[in-house]
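# Coordinates in review
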Amino acid sequence: MKVSNILICTFVAILVTSCAKKNLPLKNNEPISETEQLSLLKQQTENNDPYVVDAKNQLIRFVGDKNFDNYIIKQGILNCKGNNNLSSCVLNFYLNELYKLKYHVQLKKVVEENQAEHNMELSKIKATENNIKSYCQYSADFVAAIYTKDNAKITQYFRPQFRMSEQDISSLKAKITKDDYSYFLINENPSILQEMKVDYVEKCLDDPKNNIINYFNIFR
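For every chain, the first residue of the written sequence is number 1, and numbering continues from 1 along that sequence. Only residues with pLDDT of at least 70 get local features here, since the model is predicted, and only at 80 or more are side-chain atom pairs given and counted; chain-wide, interface and lining totals rely on the full set of residues. Hydrogen atoms and water are omitted, and side-chain values are computed over all heavy atoms in the structure.

## So, the packing of helix α6 (residues 129-147) against helix α10 (residues 192-206)
Stated formally: Where helices are involved, their axes are fitted lines through C-alpha atoms of the stretch in contact, as for all axes, and angles between N-to-C directions lie from 0 to 180°. For the purposes of this entry, the term helix denotes a DSSP run of H or I that reaches at least four residues, the term strand denotes a run of E that reaches at least two, and both are numbered from the N terminus. In this scheme the crossing of two helices becomes right-handed for a clockwise turn of the near helix relative to the far one and left-handed for an anticlockwise turn of less than a right angle. Any two residues whose heavy atoms approach within 4.5 Å at even a single point are treated as in contact. Residues are sorted three ways: Asp, Glu, Lys and Arg are charged, Ala, Val, Leu, Ile, Met, Phe, Trp, Tyr, Cys and Pro are nonpolar, and all the rest, Gly among them, are polar.
Running from N to C, α6 and α10 point in directions that differ by 140 degrees, and their axes come no closer than 9 Å. By crossing handedness, the relation of α6 to α10 is classed as right-handed. Contacts from I132, K133, C136, Q137, S139, A140, D141, V143, A144 and Y147 in α6 reach L193, M196, K197, Y200, V201, C204 and L205 in α10. Classifying every residue of the contact of α6 with α10 gives twelve nonpolar, two polar and three charged.

## Considerations on the state of the cysteines
This is how it is decided: We call a pair of cysteine sulfur atoms a disulfide whenever their separation is within 2.5 Å. The buried label goes to any residue with under 20% of its type's maximum accessible area, the exposed label to any with over 50%, and the partly exposed label to all in between, with areas taken from a 1.4 Å probe on protein chains only.
The full count for this structure, using the stated rule, is two disulfides. At a sulfur-sulfur separation of 2.1 Å, the disulfide partner of C136 is C204. On the sign convention where negative means left-handed, the S-S torsion of about -80 degrees between C136 and C204 marks this disulfide as left-handed. One end of the pair, C136, is in helix α6; the other, C204, is in helix α10, with 68 residues separating them in the sequence. Here the two residues C136 and C204 agree in accessibility, since each one is buried. Counting its disulfide-bonded cysteines in sequence order, the protein shows a connectivity of 1-2, 3-4.

## As for a negative patch on the surface
Inclusion rule: Put simply, a patch holds well-exposed residues, over 30% relative accessible area, that have no salt bridge, with like charges counted together within 9 Å and Val, Leu, Ile, Met, Phe, Trp or Tyr side chains within 5 Å. Exposure was quantified through the Shrake-Rupley algorithm and a 1.4 Å probe, taking into account, for residues, occlusion by the shown protein chains and nothing else. Basic side-chain nitrogens of Lys or Arg form a salt bridge, by our definition, when they fall within 4 Å of a carboxyl oxygen of Asp or Glu. The charge count includes Lys and Arg as positive and Asp and Glu as negative, but it does not include His or the ends of the chains. Positions of charges follow a simple convention, taking NZ of Lys, CZ of Arg, CG of Asp or CD of Glu.
Taken together, the side chains of E195, D199, E202, D206 and D207 define an acidic patch exposed on the protein surface. Inspection of the secondary structure assignment puts E195 in helix α10.

## What about the side chain of K42?
Of note, K42 is situated in helix α2 (residues 34-46). Overall, K42 belongs to the buried group, its relative accessible area being 19%. When near neighbours in sequence (up to four residues on either side) are disregarded, K42 contacts N47, D69 and I72.

## With respect to the nonpolar core
What counts here: Take the buried Ala, Val, Leu, Ile, Met, Phe, Trp, Tyr and Cys residues and link them wherever side-chain atoms come within 4.5 Å; each set so joined is a nonpolar core.
If you look at the biggest cluster of nonpolar residues, it comprises 29 residues, and the most contacted ones within it are F142, F162, I212 and I213. Contributing elements (two or more residues each) for this core: α6, α7 (151-161), α8 (166-176), α9 (180-188) and α10. A total of ten residues in this core trace back to one element, the largest contributor, which is α6. Apart from the residues within four sequence positions on either side, F142 is in contact with I154, F158, F162, M164, I169, L172 and I213. With 20 residues, the next largest nonpolar core counts L38, A55, F68 and C80 among its residues.

## What about the packing of aromatic side chains?
Put simply, the test is: Each Phe, Tyr or Trp ring (for Trp, its six-membered ring) is paired with any other whose centre lies within 6.5 Å, and the angle between the two planes then decides the class: stacked below 30 degrees, edge-to-face above 60, tilted in between.
Applying the stated criterion to the full structure yields twelve aromatic pairs. With a centroid separation of 4.8 Å and an interplanar angle of 5 degrees, the aromatic rings of F142 and F158 are classed as stacked. Linking F142 in helix α6 with F158 in helix α7, this pair joins segments that are 16 residues apart in sequence. Of the two residues, F142 and F158, both sit in the buried class. Here F158 and F162 contribute two aromatic rings whose centre-to-centre distance is 6.2 Å and whose plane-to-plane angle is 45 degrees, an arrangement assigned as tilted. As far as the burial class goes, F158 and F162 line up, both buried. One aromatic cluster in this structure is built from Y135, Y138, F142, Y157, F158, F162, Y215, F216 and F219.

## Here's the deal with a nonpolar patch on the surface
Judged by side-chain polarity, Y99, Y103, L107 and V111 come together as a nonpolar surface patch covering roughly 430 Å² of accessible area. Secondary-structure assignment places Y99 in helix α5 (residues 86-123). Residue classification places Y99 among the exposed residues on the basis of a relative accessible area of 58%.

## Examining the packing of α2 against α5
Where we set the bar: Here the angle decides the label: under 35 degrees means roughly parallel, over 145 means roughly antiparallel, 65 to 115 means roughly perpendicular, and every other value means oblique.
α5 packs onto α2 with a crossing angle of 105 degrees between their chain directions and a minimal axis gap of 9 Å. In terms of their interaxial angle, α2 and α5 are classed as roughly perpendicular. Here α2 contributes L41, Q44, T45 and E46 to the contact with α5, which in turn contributes L86, S87, V90 and Y94. Within the contact of α2 with α5, the residues separate by chemical class into four nonpolar, three polar and one charged.

Here it is in structure tokens:
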């Protein structure tokens, strides 16, 4: 074979090989997915930094484990790639997200509490003479139910009637149960409870604000 032919064949072989290489997928030069980028970022920042791991776990408790990766990608954690202090960048990201979420939770709680207070104000009863009389009688019955330990009636009727929390009920019970003398009288003569109720109503009508139970959450 002539030298020129050998050179031509060699040149063609080089071109063919070059074309073949160009047609092969070059994995190292292909962009990796965001999920893969995140996985790499976690490996680089969590292995030797317990602060990053702790901050991440705190954030997971707010966001939930199921959607956590999608959440932090959406919020921009991958912007830390290439940062000179990678662990510090990721830690700051987690802490900032924690702060934002805690702030939103607190804000939501304040809004809900304000709305509940507003709703209570709207639902208050007008302090007419008839309403005052009714609630003085209800209050006397309520106190009697505590003396007789009628817990079913207290929970099912008086608690919603007087718009009281479980803690409010417990406080009222604790206050009344200190009245050992009245308990003694009731045990000795149960009929005296009716007299106590009459006395309570009379005292209540003279000073409803201090004797109607939970007055300021009931009346305008």
